[in-house]
Amino acid sequence: MKDFYFEIKHICKQTGARYGLLHTPHGDVEVPMFMPVGTLATVKSLSPEELKECGSGVILSNTYHLSLRPGADIVDKAGGLHKFMNYDRPILTDSGGFQVFSLADKRKITEEGVTFKNHLNGAKLFFSPEIAIGIQEKLGADIIMSLDECAPYPATYDYMKNSVERTLRWAKRGKDAHKREDQALFGIVQGGEFSDLRKYCAEELVKMDFPGYSIGGTSIGEPKNVMFKMIADTTPYLPIEKPRYLMGVGSVDAILYGIEKGVDMFDCVLPTRIARHGALMTSNGRVNIRDQKYAEDFTPLDPECDCYCCKNYTKAYLRHLYKCDEIFGKRLLSIHNIRFLIHMMEEAREAIKNDRFGDFKKEFLAKFNSERGF
RNA sequence: GGAGGAAUAGCGAAGUGGCCAAACGCAGCUGACUGUAAAUCAGUUCCUUCGGGUUCGGUGGUUCAAAUCCGCCUUCCUCCA
């Protein structure tokens, strides 16, 4: 694996949380980290410059969506995803496995792969582990994902067992098909809420020796305690020296829990989506900017935040933009929520280095009051 | 002074005899959103002990039944003098 390796720099003595460095062809990033999601080769409403100002490292993009529009060949001709979207830091592409789940009523899964009715015009589309890898090689992200089946929750044990077996076979096929030396292909642990299947899936993937491992099948409608259990049931079976990525998790309490359990990478649409819907994460908890009580509130969204939005604008202005459905409002709020999570990660890393992540988590959650939404 | 027209819930605006506690939009309030088919979606905004009760400028009528028809009053708009 050219240019890609992972270094653990410190393990928190209080919790086992990890501080590390992920080296990629597009630079090094510190973990634990939060990765903003830019499904269609753009983090909705934000420029790469704004993302970097938020402190972004890796960002995500999506194989399924980009293969439909503009098509992998066009991204390839553009010189790859980094050039195409003008982002020179690391990029991770998801395999499309999640779309198999989220567009579930329009697909059929077989051993060979998945047949989709694509969501744009209903045209039939076939995805296999090899095809997903082929597309991702053209897109050219630094970190890519195996095609997996994100089985629904709840699922029966038998369904999940079969699904895990197939995901493992698909992982092997994808790994065999993957040729690019400058990309790290991660395997994805499934198994739902079943401890033994999580363990089995993790151990089998580890035998295949991937450069990193993802925890999938979370945040798909299961209760929080079940999600936490899924995480706790997986990380013990992953090798210490490889990066671990918890897919699709972006609520504050779940991220902090994941870090405590030894997860290094998180991604989620949550901060950007809820920002567009007027919900903001602040150090004192949730703020609904649409509330009339902010109409004459000329203070920043979060006085403790150092983002462009909080440094320059008031809640009254943000509410005004939101109520008028102005694009700039969505941008400012997205900047804030992304910066909030990235800043939380910066603080988490400091806490890990100082062997006090457990204290940090407790203090942060007490103030954030995560019972009130996300 | 004369001739027309209009008054509907916080605002705008449908409704012209029973299916109207009254469409719809805005505004307000709740909630949802987690590997993005999401600048989206759902609920809610007269009172209620959930049986019902009081509403459509005011008032008096007609009718089994009125936001809807008639009289008078008030306010506003347009045109003519």
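Up top is the structure these notes are about.
Note that the structure is predicted; figures quoted are calculated from it, not measured.

Enquirer: Looking at this model, I keep getting lost on the layout of surface pockets. Mind explaining?
Expert: Gaps between atoms show up when a probe of the same size as a water molecule is rolled over them. Volume-wise, the largest pocket comes out at about 930 Å³. Lining the largest pocket are 41 residues; nearest its centre among them are F98, G248, D267, V269 and R273. The set of elements that each furnish at least two residues to the lining of the largest pocket consists of strand 5 (59-62), helix 5 (97-102), helix 9 (224-232), strand 14 (265-268) and helix 11 (270-276). For the lining of the largest pocket, the element with the most residues is helix 11, which contributes 5 residues. For the lining of the largest pocket, the class distribution of residues is 16 nonpolar, 18 polar and 7 charged. Approximately 230 Å³ is the volume found for the second largest pocket. The wall of the second largest pocket is formed by 14 residues, among which S283, E304, H343, E347 and F364 lie closest to the centre.

Enquirer: Explanation requested: the packing of helix 10 (residues 252-260) against helix 14 (residues 327-353) in the structure shown.
Expert: Each pair of packed helices can be summarised by the angle the axes make with each other and by the distance between the axes. Following both chains from N to C, one finds helix 10 and helix 14 inclined at 30°, their axes separated by 12 Å at the closest point. When the axis of helix 10 is compared with that of helix 14, the two are roughly parallel. Along this stretch, helix 10 crosses helix 14, giving a crossing that reads as right-handed. Every residue of helix 14 that contacts helix 10 at V252, I255, L256 and I259 is listed here: F340, L341, M344, M345, A348 and I352. Looking at the contact of helix 10 with helix 14, its residues break down into 10 nonpolar, no polar and no charged.

Reading guide: rules and limits
Residue positions are given per chain, counting from 1 as you read along its sequence in written order. Chains carry letters from A onward and ligands carry numbers from 1 onward, assigned in written order. A pLDDT threshold of at least 70 governs which residues receive local features in this predicted model, and a stricter bar of 80 or more applies before side-chain atom pairs are shown or counted, although totals over entire chains, interfaces and linings include all residues. The side-chain numbers reported here are obtained from all heavy atoms of the structure, hydrogens and water having been left aside. Both site types are read off a 1 Å grid over the protein atoms alone. A 1.4 Å probe that fits but cannot get out defines a cavity, while an open set with protein on both sides within 12 Å along at least five of seven lines defines a pocket; lining residues have an atom within 4 Å of a point. Grid points are joined across faces, edges and corners, and a volume is the space filled by probe spheres set on the points. Secondary structure elements are defined from DSSP: runs of H or I of at least 4 residues count as helices, runs of E of at least 2 residues count as strands, and each element is numbered from the N terminus. Here the nonpolar group is Ala, Val, Leu, Ile, Met, Phe, Trp, Tyr, Cys and Pro; Asp, Glu, Lys and Arg are the charged ones; every other residue, Gly included, is treated as polar. Think of each axis as a best-fit line through the C-alpha atoms, taken over the contacting stretch in the case of a helix, with angles from 0 to 180 degrees between the N-to-C directions. Roughly parallel means an angle under 35 degrees; roughly antiparallel, over 145; roughly perpendicular, 65 to 115; everything else is oblique. Put simply, a crossing is left-handed when the front helix is turned counterclockwise from the back one by less than a right angle, and right-handed when it is turned clockwise. The contact criterion used is simple: two residues touch if any of their non-hydrogen atoms lie within 4.5 Å.

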